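A structural walkthrough
For reference, the chains in residue letters:
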Amino acid sequence: MSEIDRRRLIRGLAAATAAGGAALTASETRAAPSPAEREPLEVPPLTVPPWTREQGRRTGVPYGSPSPYEDGVQRRLPGPLVGAAPTTGSNNSFTPLQDMQSMITPNGLHYERHHAGVPAIDPREHRLVVHGMVERDLLFTMEDLMRFPAVSRVHFLECSGNSLSEWTAPTGRTPQEAHGLASCSHWTGVPLRLVLAEAGLHPEAKWILAEGADGAAMTRSVPIHIALDDCLLAYGQNGERLRPEQGYPLRLLAPGCEGNLNIKWLRRLDVGTEPFQTNEETRYYTDLISKTGDPKVDGVARQFTFVMEAKSVITTPAGGQHLPGKGPYEIRGLAWSGRGKIRKVDVSVDGGRRWTTATLDSPVLPKAMTFFRLPWRWDGQPCVLLSRAQDETGYVQPWRQQLVDARGENSVYHYNGIQAWYVHDDGRVDHGDA
Ligand SMILES: Nc1nc2c(c(=O)[nH]1)N[C@H]1C(S)=C(S)[C@@H](COP(=O)(O)O)O[C@H]1N2
Ligand SMILES: [Mo]
């Protein structure tokens, strides 16, 4: 496109977006452009690019991949390497949330967190055992499990360590770095309660140990009320079988609960009366709260904090991005809650003085990511963008300071504070205090 065409197009867009400055009211932001309001464009005939002159590539790629022009969209390493290197050789990788176009995370971009790498499991050899306080012990092959009635549901998954960089100060530079240990898929599997019913739960059964078949043999205790609610023995992910990184051939999916409870490569369910107090729920994944910073003085352990509370992040414009100039934009982002549906997301472009309710993409589903949008016109002045989610229980995403007041600065897990992105007058966007 020539510079003139580009300017014309942008002027056309500007006329189409009526919102001005920092204050956004619903009527300003939603006004649909009538064709009459648009400046008439003198559009020159299109040039004929090389790809229009020749036969394109025929079928022959048995499993497709994104356009080579999208090769910057990658899972990346945490910390200083985000933005530089693709993920290799690490035990976790972050989803590029800033590149997501809707609520669903493509399988190749789902975040990864594994404690002993990704095992190469042959599904024909894989077994699931159910034992303990049940009427009959059961042993399943994958084929057996896939004969049960199954369901498909959209749910997010979030590591409870997601955004841990934000507790002491806002340090995550991009949505990927600050929030990328969260993803959302359309999962398919057998309701756990069906398999437990098949085994016959003892009336005193209160907790279930779930164990993985990886080198970490990761184990977590799942309370019976969660197990009998909406847990799945999942084998499908966005229309295909689970990816190895996500637990192929079988994982526990505990919707809305911290990622760690969602045992991958699931091979054993041991039904008991008490939590099993495994390494992963005593030494790790327990919050040690101390306001003095010295747990020996006033330390309190918050154990079994399963639910991931409501959270949101603006994914564009966001840290690491650059606005090419003033004028119209759409503010976009993701919101989710482990307690149910997102009721609303409010967006502020002035650091929290005024808020405007964003539009939510449909469908809005319980314990699923929800994509939000708000048209905005940048006036070229420095400003601070914030988003604040509310879920259907009425819970409102807190400010960072509220979290710190409640739990001190040495917490690691379950950070869900409001994220701020600073837009500078040259269009640069970076992170800062909310
Ligand atoms: N067997 C097993 N299950 C596991 C883990 C693991 O290392 N081994 N990591 C847990 C953690 S800490 C998280 S956050 C999620 C990550 O799931 P994902 O890699 O599919 O995103 O899996 C959980 N389940
Ligand atoms: Mo995790």
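Residues numbered from 1 in each chain as written. Chains lettered and ligands numbered in written order. Predicted model: local features only at pLDDT ≥ 70, side-chain atom pairs only at ≥ 80, totals over all residues. Heavy atoms only, no water.

Lining the immediate environment of ligand 1, one finds 21 residues, of which Tyr 111, His 115, Asp 214, Arg 251 and Lys 264 sit closest. Between ligand 1 and Arg 113, the relevant distance is 3.0 Å, taken from an oxygen atom to a main-chain nitrogen or oxygen of the residue. Measuring from an oxygen atom of ligand 1, one finds a side-chain N or O atom of His 115 at 2.7 Å. Considered class by class, the residues forming the shell around ligand 1 number seven nonpolar, eight polar and six charged. (Near = heavy atom within 4 Å. Polar contact = N/O pair within 3.5 Å; in protein donor to acceptor, adjacent residues only side chain to side chain. Nonpolar A, V, L, I, M, F, W, Y, C, P; charged D, E, K, R; others polar.)

By the definition in use, this model includes nine aromatic pairs. Residues Tyr 285 and Tyr 413 carry aromatic rings whose centres are separated by 5.0 Å and whose planes lie at 25° to one another, so their mutual orientation is stacked. Residue Tyr 285 is located in the loop between α8 (279-282) and β13 (287-289), and its partner Tyr 413 is located in the loop between α10 (400-407) and β22 (420-423); the two are separated by 128 residues in the primary sequence. For Tyr 285, a relative accessible area of 6% gives the class buried. We classify Tyr 413 as buried; its relative accessible area is 13%. When the centroid spacing of 6.2 Å and the interplanar angle of 65° are considered together, the rings of Trp 355 and Trp 399 count as edge-to-face. Taken together, the positions of Trp 355 in the loop between β17 (342-348) and β18 (356-357) and Trp 399 in the loop between β21 (383-391) and α10 put the pair 44 residues apart, joining distant regions of the chain. Trp 355 sits in the partly exposed class, given a relative accessible area of 23%. For Trp 399, a relative accessible area of 27% puts it in the partly exposed group. Grouping aromatic residues by their ring pairs yields a cluster made of Trp 207, Phe 304 and Phe 306. Directly above the ring of Trp 355 sits Arg 388, whose terminal nitrogen or CZ lies 4.0 Å from the centroid. (Phe/Tyr/Trp six-rings, centres within 6.5 Å; stacked < 30°, edge-to-face > 60°. Helix = DSSP H or I, 4+ residues; strand = E, 2+ residues; numbered from the N terminus. Buried < 20%, exposed > 50% of the residue type's maximum accessible area, 1.4 Å probe, protein only. Lys NZ or Arg CZ within 6 Å of the ring centre and 35° of its normal.)

Moving on to unusual backbone geometry. Omega for the bond connecting Tyr 248 with Pro 249 falls within 30 degrees of zero, at 10°, which places this linkage in the cis form. Its place among the elements puts Pro 249 in the loop between β10 (240-241) and β11 (251-253). With an omega dihedral of 0°, the bond running from Ser 362 to Pro 363 counts as a cis peptide bond. With respect to the helices and strands, Pro 363 occurs in the loop between β19 (359-360) and β20 (370-378). In the Ramachandran plot, Trp 265 falls in the positive-phi region, its phi being about 50° despite a non-glycine side chain. Of note in the backbone geometry, Tyr 285 takes a positive phi value of approximately 55° without being a glycine.

Here we take up α10. Listing the buried residues of α10 in full gives Arg 400, Leu 403, Val 404 and Arg 407. Looking straight down α10, one finds its buried side chains confined to an arc of 95°; they lie on one side. In this fold, the buried residues of α10 make contact with β13 and β14 (300-302). Just past α10, the residue Gly 408 takes up positive phi, approximately 75°. (Arc of directions from axis to C-beta. Contact = heavy atoms within 4.5 Å.)

One can find Glu 280 in helix α8. For the buried Glu 280, no salt bridge is present, and the opposite-charge side chain at shortest range is Arg 220, 6.0 Å distant. Of the polar contacts made by the side chain of Glu 280, one reaches the side chain of Asn 260; its length is 3.2 Å. Discounting chain neighbours no more than four positions away, the residues touching Glu 280 are His 115, Met 218, Thr 219, Arg 220, Asn 260 and Tyr 285. (Lys, Arg positive; Asp, Glu negative; His and termini not counted. Salt bridge = Lys/Arg side-chain N within 4 Å of Asp/Glu carboxyl O.)

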